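Tertiary structure, described
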Amino acid sequence: SLKKAVYQHTRCNTMKESMIQVICGPGRGKSTGALGRGISALNKGQSVIMVQFLKGSLDLQNAEVIKRLEPEFKLFRFEKSSVIFDRLTDEEKNEACINIRNGLNFAKKVLATRECDVLILDEILGILDEGIISLEELINVIEQARQVEISLILTGTVYPQELDGRVDEVTRLQTRYEEVKPEE
């Protein structure tokens, strides 16, 4: 089957110092899109920190390429288990929640210390959807990023409408699978 990603792009008020971007939807490629935007920021001489949530511990093989981008691009995961969040037992999820909150606190510290120009919070909408963080906490992170003029890229499947007016750009991804018909 042939995969096609359908991009729906909404943009508003781009004259701000810091851009707050969201990449969301049921489609594939949200993390990859955020990573690509991070690499584009490197091309502009900006520094990038990416914090990933709900992805399990860092796979050293996949992290090797990103490690080559250091110190301008840094990737962090705070979860200890190599199993993704959805597949954990309740007890393991409780432990993972503590590690995820540590990751969120790290992200807040990055904003407070202005440690980078672009902060990517990969699957932050997922930890909101899982009830690990509140909408109010997410809005506070967005406001903090605006205040210190750091661009923020948020990813996750479910986009909360309450973020309308608080973010500058929303990209919705949807993957459509089509059957390939054999040529006659």
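Scroll up to find the structure.
Residues numbered from 1 in each chain as written. Predicted model: local features only at pLDDT ≥ 70, side-chain atom pairs only at ≥ 80, totals over all residues. Heavy atoms only, no water.

1. Details of the overall build of the protein
The number of helices and strands found in the protein is 5 helices and 7 strands. Element order for the protein, N to C, with α for helix and β for strand: β-β-α-β-α-β-α-β-α-α-β-β. Taking all 184 residues of the protein together, the buried fraction comes to 41%. Within the protein, contacts between residues at least 6 apart in sequence are counted, and of these 80% link residues at least 24 apart. Surface accessibility of the protein: about 10,600 Å² in total, with carbon and sulfur atoms responsible for 47%. (Helix = DSSP H or I, 4+ residues; strand = E, 2+ residues; numbered from the N terminus. Buried < 20%, exposed > 50% of the residue type's maximum accessible area, 1.4 Å probe, protein only. Contact = heavy atoms within 4.5 Å. Areas by Shrake-Rupley, 256 points an atom, 1.4 Å probe, with all protein chains shown as cover.)

2. Some details on the packing of aromatic side chains
Two aromatic rings are characterised by how far apart their centres lie and by the angle between their planes. The full count for this structure, using the stated rule, is 3 aromatic pairs. When the centroid spacing of 6.5 Å and the interplanar angle of 25 degrees are considered together, the rings of Phe76 and Phe78 count as stacked. Taking the centre distance of 4.6 Å and the plane angle of 55 degrees together, the rings of Phe76 and Phe106 count as tilted. Residue Phe76 is found in strand E4 (residues 73–77), and its partner Phe106 is found in helix H3 (residues 90–112); the two are separated by 30 residues along the sequence. With a relative accessible area of 17%, Phe106 lands in the buried category. Three or more aromatic residues joined by ring pairs make a cluster, and in this case those are Phe76, Phe78 and Phe106. (Phe/Tyr/Trp six-rings, centres within 6.5 Å; stacked < 30°, edge-to-face > 60°.)

3. Side note on H3
Taking 1.5 Å as the rise per residue, H3 with 23 residues should run 33 Å; its terminal C-alpha atoms sit 33 Å apart, in good agreement. Among the residues of H3, Ala96, Asn99, Ile100, Gly103, Leu104, Phe106, Ala107, Val110 and Leu111 are the ones counted as buried. Residues of H3 that are buried make contact with strand E3 (48–52), E4, strand E5 (118–122), helix H4 (124–129) and helix H5 (135–147). Trailing H3 by a residue or two, Arg114 shows a phi angle of about 50 degrees, which is positive. (Expected span 1.5 Å × (residues − 1).)

4. Considerations on the nonpolar core
With 38 residues, the main nonpolar core has Leu119, Leu121, Ile124, Leu138, Leu152 and Leu154 as its most contacted residues. At the level of elements, strand E2 (20–24), E3, H3, E5, H4, H5 and strand E6 (151–156) are the ones that each hand at least two residues to this core. Per-element accounting of this core gives the leading share, 7 residues, to H3. Those residues in contact with Leu121 that sit more than four places away from it in its chain are Val51, Phe53, Ala107, Val141, Leu152, Ile153, Leu154 and Thr155. In terms of nonpolar packing, the next biggest core, distinct from the first, is built from 12 residues, Ala34, Met50, Phe73 and Ile120 among them. (Core = buried A, V, L, I, M, F, W, Y, C linked by side-chain atoms within 4.5 Å.)

5. Observations concerning the pattern of salt bridges
With the rule as written, the count across this model stands at 6 salt bridges. Across the salt bridge formed by Arg166 and Glu143, the nearest N and O atoms sit 3.4 Å from each other. In this pair, Arg166 sits in the loop between E6 and strand E7 (169–178) while Glu143 sits in helix H5, placing the two residues 23 residues apart along the sequence. Look at Arg166 and you get partly exposed, because its relative accessible area is 33%. Across the salt bridge formed by Asp168 and Arg146, the nearest N and O atoms sit 3.1 Å from each other. In this pair, Asp168 sits in the loop between E6 and E7 while Arg146 sits in helix H5, placing the two residues 22 residues apart along the sequence. Taking relative accessible area as the criterion, Asp168 reaches 2% and is therefore assigned buried. (Salt bridge = Lys/Arg side-chain N within 4 Å of Asp/Glu carboxyl O.)

Note that every value here comes from positions in space, so none of it alone points to a role or purpose.
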